[in-house]
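Residues per chain, in single letters:
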Amino acid sequence: MDTLIKLLKQNARLSCKELAAMTDMSEADVEKKIKEYEHSGIIKGYSAIVADDADEDSVTAFIEVKVTPKADCGFDDIAKTIMMYDEVESLTLMSGSFDLAITISGTNYKEIALFVAQRLSTIDGVISTTTHFTLKRYKEKGIFIEDEATDERGFVSP
Amino acid sequence: MMDYNKIISERCRILKPSGIRKFFDIAATMDGVISLGVGEPDFQTPWAIRRSAIAALEKGKTVYTANAGLMELRKSICSYIKRKVNVEYEPEKELIVTVGGSEAIDLGIRALVNPGDEVLIVEPCFVCYAPIVTLTGGVPVTIETKAENGFKLTAEELKKKITDKTKLLILPFPNNPTGAIMTRAELEPIAEVLRETNIMVLSDEIYAELTYEGRHVSITELDGMKERTLLVNGFSKAFAMTGWRLGYLAGPEPIVSQMLKIHQYAIMCSPTVSQYAAVEAMNSCDGEVVKMVNEYNIRRRWLVQALNEIGLTCFEPKGAFYVFPSIKSTGLSSQEFCEQLLYKHNVAVVPGDAFGECGEGHIRISYAYSLKHLMEAVDRISEFLNDLNKG
């Protein structure tokens, strides 16, 4: 992977100045390259990693879905149907004991339950669903959600 | 009334307090200060190493180890040295696990120096060598290095200072505070001079892993030098393990076996839990070290360029995590520069003369900080320089 993309994936708020130092490029080149990535759609967007307490009125669930693939287009057709729902945050085709993994957020448990019962399980080809509610997040994208590291080094070195 | 000044030994009383410490006592009392002064990694000890310390505690590994250190660790260290610089030491006889590199330096000097013996100290350098030499009754003899030589030791400078009383040369590379390193080609002429003599070398290689653009060369690799060198290294810098207090000294068996007595009487053995953790560091943490070194290297490249841009001439350091720019263009002394920078712009750096007189006209800036922190600090230093220019 391009170093610039790798760095942006870890922290999209790094300044062009910092990125330039880290990649040994000029600031102008960094800016140009990021623009290119955004235009060509390699970079799709940026988001913040937020602590749970900042997001109190939201419930997240992870849903395993088993489906019957279609003869002509495999999983793509059914995946496209599911991903069109706004509630669906991420959708991934998995290897293993189920096929599609959905992450979904709602304002409460009921909202997610209704989505599963009324929208998801009624789609043609969906065989079964298993819904797991998120209880607590510890780490996301390499970042600890609760503990923030502080610099405990004294002013004094020997 | 007790007159403590008369009670305290002469040798202790005449020791000067460290120039680094003095300066940061002031900084510690101020608010909003950004420090560039710390001489320890900003990374935490790799988790794998911390885990093995926890496991050692859980298993109740809380008793003394052998005086020279856990045999398992000594073996791991010897194979690490072999892997890094291709020099072989016998774990049974030629190595002591010490309480940090600091104890190894102390042991080396105490085991060799008689009152009146001269010890050559390459300056600028870390602050502990001369005081320890003084405590043994030895005579510290300074060899000054210069910015125009890249702060490297040359054979000519060395020859000039050798007398029939010279016992030991302290060779501190990669260097704190200058970041200078000695390449194989630069070490050869030094070895050439020493091979004709009985002078021993104490090679303080604590920053060996933090060598950029090429690998670290130890003087022990050179012909005839292993037998006249005490190799000092440790875990603090490379593995971000400062608080674990663990280092080692490797050297010729006749010296190591004698100095083991000092270690045994003064220390007993190095901390047991730290030793178990260090086994993990030696055996399976090369990847973590590479990650940290890459990070330091990014900061190093940026900082050198940024300092040169704002007008502080900066020779390119190839090792450790310090840059040592010249501040001569400001017309201020190192002390004045650091005091004004601290009081007016809240940035703490260390005056170069804390590392020996020839460090005057320079400041030490540590890059054991995040890029963001460094960028903010350099902005403030730049403002300070602009204010100075306006007069």
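1. Quick word on helix H2 (residues 16-23) of chain A
Reasoning step 1: When you tally the buried positions in H2(A), you get 6 out of 8 residues, the bulk of the element.
Reasoning step 2: Residues A:Glu18, A:Leu19, A:Ala20, A:Ala21, A:Met22 and A:Thr23 constitute the buried set of H2(A).
Reasoning step 3: Looking at the buried positions of H2(A), the neighbouring elements they touch are helix H1 (3-10) and helix H3 (27-40) of chain A together with helix H12 (286-309) and helix H14 (371-390) of chain B.
Reasoning step 4: Directly beyond the C-terminal end of H2(A), a positive phi value near 65° is found at A:Asp24.

2. Some points on the confidence of the model for chain B
Reasoning step 1: Model confidence for chain B is summarised by a mean pLDDT of 95, while 99% of its residues fall at 70 or above.
Reasoning step 2: Quick note on the complex model: pTM equals 0.90, ipTM equals 0.77.

3. Overview of a nonpolar patch on the surface
Reasoning step 1: A surface patch of nonpolar side chains, about 430 Å² in accessible area, is lined by B:Met2, B:Tyr4, B:Ile7 and B:Ile8.
Reasoning step 2: Classification of B:Tyr4 as exposed rests on a relative accessible area of 52%.

4. A few points about the environment of B:Trp302
Reasoning step 1: Mapping B:Trp302 onto the fold places it in helix H12.
Reasoning step 2: Residues B:Trp302 and B:Glu144, spaced 158 residues apart in sequence, show a C-alpha to C-alpha distance of 28 Å.
Reasoning step 3: The contact partners of B:Trp302, leaving out residues within four places of it in the chain, are A:Lys17, A:Ala21, B:Leu371, B:Leu374, B:Met375 and B:Val378.

5. Some points on the sheet that holds strand E3 (residues 100-106) of chain A
Residues and elements named next belong to chain A.
Reasoning step 1: Sheet architecture is open: 4 strands sit in the order E2-E3-E1-E4, paired in antiparallel fashion. The sheet is open, and its two edges are formed by strand E2 (88-93) and strand E4 (126-133), each paired on a single side. The average angle at which neighbouring strand axes cross in this sheet is 20°, direction not considered.
Reasoning step 2: Pairing of E2 with E3, which is carried by 5 bridges, proceeds in the antiparallel orientation. When the bridges of E3 are listed, Leu 91 appears paired with Ile 102.

6. A short note on the interface of chain B and chain A
Reasoning step 1: In this assembly, 29 residues from chain B lie in contact with 13 residues from chain A.
Reasoning step 2: Counting each side, the surface lost to burial between chain B and chain A is near 1700 Å², with a carbon and sulfur contribution of 62%.
Reasoning step 3: Here chain B is connected to chain A by 2 salt bridges.
Reasoning step 4: Put simply, A:Lys17 and B:Asp379 hold a salt bridge, and the shortest N to O gap is 3.7 Å.

7. A few points about the layout of surface pockets
All names here are of chain A.
Reasoning step 1: Within this model, the second largest pocket holds a volume of roughly 810 Å³.
Reasoning step 2: Considering the residues around the second largest pocket, the lining is formed by 22 residues, among which Thr 60, Glu 89, Ser 105, Arg 137 and Glu 140 are closest to the centre.
Reasoning step 3: Of the residues contributing to the lining of the second largest pocket, the split by class is 5 nonpolar, 7 polar and 10 charged.

8. Quick look at the nonpolar core
Reasoning step 1: Within the largest apolar cluster, 147 residues are counted, with the highest numbers of intra-cluster contacts made by B:Leu73, B:Ile81, B:Leu153, B:Leu169, B:Phe235 and B:Phe239.
Reasoning step 2: Among the elements that make up this core, the one with the highest residue count is H12(B) (10 residues).
Reasoning step 3: Not counting the four nearest positions on each side in its chain, B:Leu73 is found in contact with B:Val97, B:Phe235, B:Leu246, B:Gln275, B:Ala278, B:Val279 and B:Met282.
Reasoning step 4: Core analysis: the second largest hydrophobic core is formed by 18 residues, A:Val65, A:Val67, A:Val88 and A:Leu120 among them.

9. Details of the packing of H1(A) against H2(A)
Residue and element names in this part refer to chain A.
Reasoning step 1: Running from N to C, H1 and H2 cross one another at 130°; their axes reach a closest spacing of 10 Å. Our classification of the angle between H1 and H2 gives oblique. Every pair of crossing elements has a handedness; the one defined by H1 and H2 is right-handed. Residue-level inspection shows Thr 3, Leu 4, Leu 7 and Leu 8 of H1 in contact with H2, the latter providing Leu 19, Met 22 and Thr 23.

10. Considerations on the pattern of salt bridges
Reasoning step 1: Overall, the coordinates contain 29 salt bridges over all chains when judged by the stated rule.
Reasoning step 2: In this structure, the salt-bridge partner of B:Arg301 is A:Asp24, at a minimum N-O distance of 3.7 Å. Remark: A:Asp24 occurs in the loop between H2 and H3 and B:Arg301 occurs in helix H12; the pair is interchain, linking two chains.
Reasoning step 3: The residue B:Glu221 makes a salt bridge to B:Arg184 at a minimum N-O spacing of 2.7 Å. Residue B:Glu221 is found in the loop between strand E6 (200-204) and strand E7 (229-234), and its partner B:Arg184 is found in helix H9 (residues 184-195); the two are separated by 37 residues along the sequence.
Reasoning step 4: Residue classification places B:Glu221 among the buried positions, given a relative accessible area of 17%.
Reasoning step 5: Judged by its relative accessible area of 36%, B:Arg184 is partly exposed.
Reasoning step 6: Salt bridges sharing common partners tie together B:Glu213, B:Arg300, B:Glu316 and B:Lys318.

Procedures and definitions
- Residues numbered from 1 in each chain as written.
- Chains lettered and ligands numbered in written order.
- Predicted model: local features only at pLDDT ≥ 70, side-chain atom pairs only at ≥ 80, totals over all residues.
- Heavy atoms only, no water.
- Buried < 20%, exposed > 50% of the residue type's maximum accessible area, 1.4 Å probe, protein only.
- Helix = DSSP H or I, 4+ residues; strand = E, 2+ residues; numbered from the N terminus.
- Contact = heavy atoms within 4.5 Å.
- pLDDT = per-residue confidence, 0-100.
- Patch = residues over 30% accessible without salt bridge, like charges linked within 9 Å, V, L, I, M, F, W, Y side chains within 5 Å.
- Areas by Shrake-Rupley, 256 points an atom, 1.4 Å probe, with all protein chains shown as cover.
- Salt bridge = Lys/Arg side-chain N within 4 Å of Asp/Glu carboxyl O.
- Pairing = 2+ DSSP bridges.
- Axes fitted to C-alpha atoms, helices over the stretch in contact; angles between N-to-C directions.
- Buried area = accessible area lost by both parts, 1.4 Å probe.
- 1 Å grid on protein atoms, 1.4 Å probe; cavity = no way out; pocket = protein on both sides within 12 Å on 5 of 7 lines; lining within 4 Å.
- Points joined across faces, edges and corners; volume = space filled by probe spheres on them.
- Nonpolar A, V, L, I, M, F, W, Y, C, P; charged D, E, K, R; others polar.
- Core = buried A, V, L, I, M, F, W, Y, C linked by side-chain atoms within 4.5 Å.
- Parallel < 35°, antiparallel > 145°, perpendicular 65-115°, else oblique.
- Left-handed = near helix turned anticlockwise from the far one by under 90°.

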